[in-house]
Amino acid sequence: MSSVFGSHPFPFEYRGGSITIATRMAEGFARYERTCRGDRLEKILAGSGCPLTINPVEPVKLPKEITSYLEVHFPAVIIGPGGGKVLYLTFPIDIGVFLKGKEDYSLLDLFSLVPQKYSLYGPPDGGVVTRYFESDVHPDIPVVDPLVSGVLELSLKNQARDWIEVSRVVLDSIGMTIYYGGYASIAAGMEIFSSSVAETQVTRKLLAEGQQPGVPASSAKKVTVASMFGSFPLYTAGKALVSEKKGYLMEYGLGDMIEHD
Amino acid sequence: MIDLLGTVIVGQITVGDLIVIAVILFAAGIIGKVVTIYIKKSLSDKVEKNELKVLVRAVQYGILLIGVIAVLPYFQVNLSGLLVAGGIAGVIIGFASQSVVSNFVSGLFLIVERPVSIGDNITIGEVSGNVEEIRILSTIIRSYEGVYTRVPNEKVFTSDITNYVANVARRFDYTIGIGYRDDAEKAERLIRDIVTAHPFVLRNPGPSVFVDSLGESSVNIMVRLWTPSSQWYSVKKDLLIKIKRTLENQGIEIPYPQQVVWVHRPGDQADRGG
């Protein structure tokens, strides 16, 4: 059984765990079929069969895109003044299936084996809605199920004069590159300024040899693709983003949140 | 040189007058252009394109008009008479267009203050719906029934506005009544499991589920949830039916209003005792 991630010529079939993906000719049409945890999707691809690219995408678009922020909560880590530490966390895998065009990609399907949960970072009038995920803390790269979890390398740097307790990181997924190979990975830095303020930045870094950057879904724009049943909207994911972006300023705390009743 | 500037061309207009007139009109044109560029830059993302075009033209022509009025004395036009006539006309037009001006000014304040944005889910006075357009004189709202409603900006500006999506998250509550004979703790647990499993019921602030009151016919369980503002209505619809089905499947009754009537018949022990 080969990895599902990567480029696959037409026709293609993958069966692994509770996921099946296939492209094939049937009844005069090229067809895309996918099942995931019992959820089934079938699409008719107008024209002849074309290759698929499948890779992990920013985990902020399911079941509906309402935010670009990913929040990972982990057991508290206390870091001394001027100190630095590299932690390994995990993040949820959302799988994007793309059709390759001449210059760009169209997002054909998006699914995940991981149930989604959202949260609020900060107050309702100034904070941001985040995709929420709880992770353990690992000193080294953990072994993960590549269809379920990816590895988030978080480099902490404490610029404050006090010991700081950190138990969450919020990352802006716009421009985020997820690398994949044996497992998916993201590298991020967190510069701590005080017990409630830090800046996070996703960096472009491979965690293992042979990894390659995934096609991001965040630059998606609508296109229309003809189908047997009329036309339906798809999303064109542009070429991989190349511009570096500014980080996200976490200004509502680095530890557990205050509840709003 | 001075003789040339004093040379009369037409009527009493000299070459010098012509130069001054040209400079004033040119300056008015330049000022108009600069002001309109500034307006376009400032308002291009806040005002609808056609509205912005009208506003830009009105400002440009207004500045040009001031330039033209400034050069009129050179054509021997008596401005005092014009001012009197203009003043009277201004008062008449002012009375006639009072509401237009009021709406216009309110529109400008709305653009600057931005209490609502296009797509927002709002209630203004008695009108509720989604904001379709914010124009210079009016705001267009599409009600939840799909009805087009035009609200004058003056009314928008002076009314209480409830914007349901101004904040990124909001809370809503359910009160679920269960029978007195049912296990309230089990019902709480079932409801908590359902709401916690929903992706858009926020993890922080978390949901709270508790027995709120002992009603006439039911034990009332309060369910308080925070959701992304854009999703609250779909979550509300989705969860209520799931809660109802789950409680019913678990044999927990959601009772109708009911009253227990005790009938005392003559000869009952209670009567004898009394």
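Refer to the structure printed above.
Residue indices follow the written sequence of each chain, beginning from 1 at its first position. For naming, the first written chain is A and the first written ligand is 1, with later ones following in the order written. Per-residue local features are limited, in this predicted model, to residues with pLDDT of at least 70; the limit for side-chain atom pairs, both in listing and counting, is 80 or more; totals at the level of whole chains, interfaces and linings are taken over all residues. Hydrogen atoms and water are omitted, and side-chain values are computed over all heavy atoms in the structure.

K.L.:
I would appreciate a short explanation of the overall build of chain B in the present structure.
P.N.:
Counting from the N terminus, the helices are the DSSP runs of H or I reaching at least four residues and the strands are the DSSP runs of E reaching at least two. A count of helical and extended segments in chain B gives nine helices and 10 strands. Based on C-alpha atoms, the radius of gyration is set beside the globule rule, defined as 2.2 Å times the residue count to the power 0.38. Taking 19 Å as the expected radius of gyration for a compact globule of 274 residues, we find that chain B reaches 35 Å, considerably beyond that expectation. Summarising its shape, the C-alpha atoms of chain B cover approximately 130 × 45 × 25 Å along the three principal directions. Three exposure classes are used, based on accessible area relative to the maximum for each residue type with a 1.4 Å probe and protein chains only: buried under 20%, partly exposed in between, and exposed over 50%. Looking at chain B as a whole, 33% of its 274 residues qualify as buried. Restricting to contacts in chain B with at least 6 residues of sequence separation, those with at least 24 account for 61%. A 1.4 Å probe and the Shrake-Rupley method give the accessible areas. Residues count as covered only by the protein chains that appear here. Per element, the accessible surface of chain B, about 17200 Å² overall, is 60% carbon and sulfur. Across chain B, the mean location of the 27 positive side-chain charges is 6 Å away from that of the 26 negative side-chain charges. When checking whether two residues touch, look at their non-hydrogen atoms; a contact exists if any pair is within 4.5 Å. Only four residue types enter the charge count, namely Lys and Arg as positive and Asp and Glu as negative; His and the chain termini do not. Lysine's charge is taken at NZ, arginine's at CZ, aspartate's at CG and glutamate's at CD.

K.L.:
What's the story with the side chain of Thr123(B) in this structure? I'm lost.
P.N.:
Residue and element names in this part refer to chain B. Structurally, threonine 123 can be placed in strand E3 (residues 121-124). On the basis of relative accessible area, threonine 123 is assigned to the buried category, the value being 14%. Among the polar contacts made by the side chain of threonine 123, one reaches the side chain of serine 128 at a distance of 2.8 Å. Beyond its immediate chain neighbours, meaning those up to four positions away, threonine 123 contacts Ser128, Asp160, Ile161, Thr162 and Tyr164. Any pair of nitrogen or oxygen atoms within 3.5 Å is treated as a polar contact; in protein, a donor-acceptor pairing is required on top of that, and neighbouring residues in sequence qualify only through side-chain atoms on both sides.

K.L.:
Help me out: how do you make sense of the sheet that holds strand E4 (residues 127-134) of chain B in this one?
P.N.:
In a beta sheet, neighbouring strands are held together by backbone hydrogen bonds and run either parallel or antiparallel to one another. Residue and element names in this part refer to chain B. For two strands to pair, DSSP has to find at least two bridges joining them. Read from one edge of the open sheet, five strands run E6-E5-E4-E3-E7, paired in antiparallel fashion. Edge positions in the sheet fall to strand E6 (148-152) and strand E7 (161-163), since each has one partner strand and no second. Across the sheet, the mean angle from the axis of one strand to that of its neighbour is 40°, orientation sign disregarded. Of the pairings in the sheet, the one linking E3 to E4 comprises four bridges and is antiparallel in character. Within the sheet, the bridge partner assigned to isoleucine 122 lies in E4 and is glycine 129. The axes are straight lines fitted to the C-alpha atoms, using for helices just the contacting stretch, and the angles between their N-to-C directions are given from 0 to 180°.

K.L.:
I tried to follow the packing of helix H2 (residues 15-43) of chain B against helix H3 (residues 49-71) of chain B on my own but got confused; where do I start?
P.N.:
The axes of two packed helices give the description: the angle between them and the distance between them. All names here are of chain B. Contact geometry for H2 and H3: axes closest at 9 Å, N-to-C directions at 160°. Classified by the angle their axes make, H2 and H3 are roughly antiparallel. Seen from above, H2 lies across H3 with right-handed handedness. In this classification, Asp, Glu, Lys and Arg are treated as charged, Ala, Val, Leu, Ile, Met, Phe, Trp, Tyr, Cys and Pro as nonpolar, and every other residue, Gly included, as polar. Considering only residue class, the contact of H2 with H3 consists of 17 nonpolar, five polar and two charged. Roughly parallel means an angle under 35 degrees; roughly antiparallel, over 145; roughly perpendicular, 65 to 115; everything else is oblique. Each crossing gets its hand from how the near helix is turned against the far one by less than a right angle, where anticlockwise is left-handed and clockwise is right-handed.

K.L.:
Sorry, what's going on with the pairing of strand E7 (residues 69-79) of chain A here?
P.N.:
Residues and elements named next belong to chain A. Among the 11 residues in E7, eight count as buried, and that is most of the element. Summarising the sheet, E7 and strand E12 (residues 128-134) pair through five bridges and their orientation is parallel. Residue pairing in the sheet places tyrosine 69 in a bridge with threonine 130 of E12. In this sheet, strand E14 (residues 164-172) lies alongside E7 in antiparallel orientation, the contact comprising eight bridges.

K.L.:
How do you make sense of the sheet that holds strand E2 (residues 12-16) of chain A when you look at a structure like this?
P.N.:
Residue and element names in this part refer to chain A. Strand order in the open sheet made by the four strands is E2-E3-E4-E5, with antiparallel pairing throughout. Two strands close off the open sheet at either side, each with one partner strand: E2 and strand E5 (39-45). Strand-to-strand, the axes of this sheet are offset by a mean angle of 15°, without reference to chain direction. Judged from the seven bridges that link them, strand E4 (residues 29-36) and E5 form a sheet pairing that is antiparallel.

K.L.:
What exactly am I supposed to notice about the pattern of salt bridges here?
P.N.:
Two side chains carrying opposite charge are able to pair once their charged atoms lie near each other. Put simply, a salt bridge is a Lys or Arg side-chain nitrogen that is within 4 Å of an Asp or Glu carboxyl oxygen. Inspection of every chain in the model, using the stated rule, returns 19 salt bridges over all chains. We note a salt bridge from Lys244(B) to Glu248(B), for which the minimum N-O separation is 2.7 Å. Note that Lys244(B) and Glu248(B) are positioned in helix H8 (residues 232-249) at a spacing of four residues, about one turn of the helix. Residue classification places Lys244(B) among the partly exposed residues on the basis of a relative accessible area of 39%. One network of salt bridges, in which partners are shared, links Glu27(A), Arg31(A), Arg40(A) and Glu42(A).

K.L.:
Sorry if this is basic, but what is going on with H2(B) here?
P.N.:
For a helix, the expected span equals 1.5 Å multiplied by the number of residues minus one. When the terminal C-alpha atoms of H2(B) are compared, their 42 Å separation across 29 residues agrees well with the 42 Å that a helix rising 1.5 Å per residue should span. Among the residues making up H2(B), those that are buried are Gly16(B), Asp17(B), Ile21(B), Ala28(B), Gly32(B), Thr36(B), Ile39(B) and Leu43(B).

K.L.:
Got a minute to help me understand the interface of chain B and chain A in this structure?
P.N.:
Frequently, the measure chosen for interface size is the accessible area that the parts lose on association. Of the residues lining the interface, 20 residues belong to chain B; the matching set on chain A comes to 20 residues. Accessible area, probed at 1.4 Å, shrinks when two parts are joined; the buried area is that loss added up over both. Here chain B and chain A share an interface that buries about 1700 Å² over both sides, 57% of which is from carbon and sulfur atoms. Connecting chain B to chain A are one salt bridge. Note that Arg203(B) is salt-bridged to Glu134(A), the shortest N-O span being 3.1 Å. In this assembly, chain B and chain A are joined by 10 residue pairs in polar contact (both at pLDDT 80 or more). Going through the elements one at a time, strand E8 (169-178), helix H7 (184-197) and strand E10 (219-228) of chain B are the ones with two or more residues in the side of chain B that touches chain A. Of the residues assigned to the side of chain B that touches chain A, the class counts are 10 nonpolar, eight polar and two charged.

K.L.:
I would appreciate a short explanation of a nonpolar patch on the surface in the present structure.
P.N.:
Residues and elements named next belong to chain B. On the surface, a cluster of nonpolar side chains totalling about 330 Å² of accessible area is made up of Val101, Val105, Phe109 and Phe157. It is helix H5 (residues 98-113) that contributes the most residues to the nonpolar patch, three residues altogether. Mapped onto the elements of the fold, valine 101 is located in helix H5. The residues that make up patches have over 30% relative accessible area and no salt bridge, and they are joined within 9 Å when like-charged or within 5 Å when they are Val, Leu, Ile, Met, Phe, Trp or Tyr.

K.L.:
In this structure, what is going on with the packing of aromatic side chains? I would like to understand it.
P.N.:
Here the distance between the centres and the angle between the planes together describe a pair of aromatic rings. Side-chain rings of Phe, Tyr and Trp, where Trp is taken by its six-membered ring, are said to pair if the distance between their centres is within 6.5 Å; with planes under 30 degrees apart they count as stacked, over 60 as edge-to-face, and otherwise as tilted. All told, the structure shown has nine aromatic pairs over all chains when counted by the stated rule. Judged by centre distance (5.8 Å) and plane angle (65°), the ring pair of Tyr121(A) and Tyr252(A) falls under edge-to-face. Of the two residues, Tyr121(A) sits in strand E11 (residues 118-121) while Tyr252(A) sits in the segment after strand E21 (248-250), which places them 131 residues apart along the sequence. The exposure class assigned to Tyr252(A) is partly exposed, which follows from its relative accessible area of 30%. For a lysine, the NZ atom is tested; for an arginine, the CZ atom; a charge sits over a ring if that atom is within 6 Å of the ring centre and within 35 degrees of the ring normal. Positioned above the aromatic ring of Trp232(B) is the side chain of Arg170(B), whose terminal nitrogen or guanidinium carbon lies 3.9 Å from the ring centre.

Geometry only, nothing functional implied.
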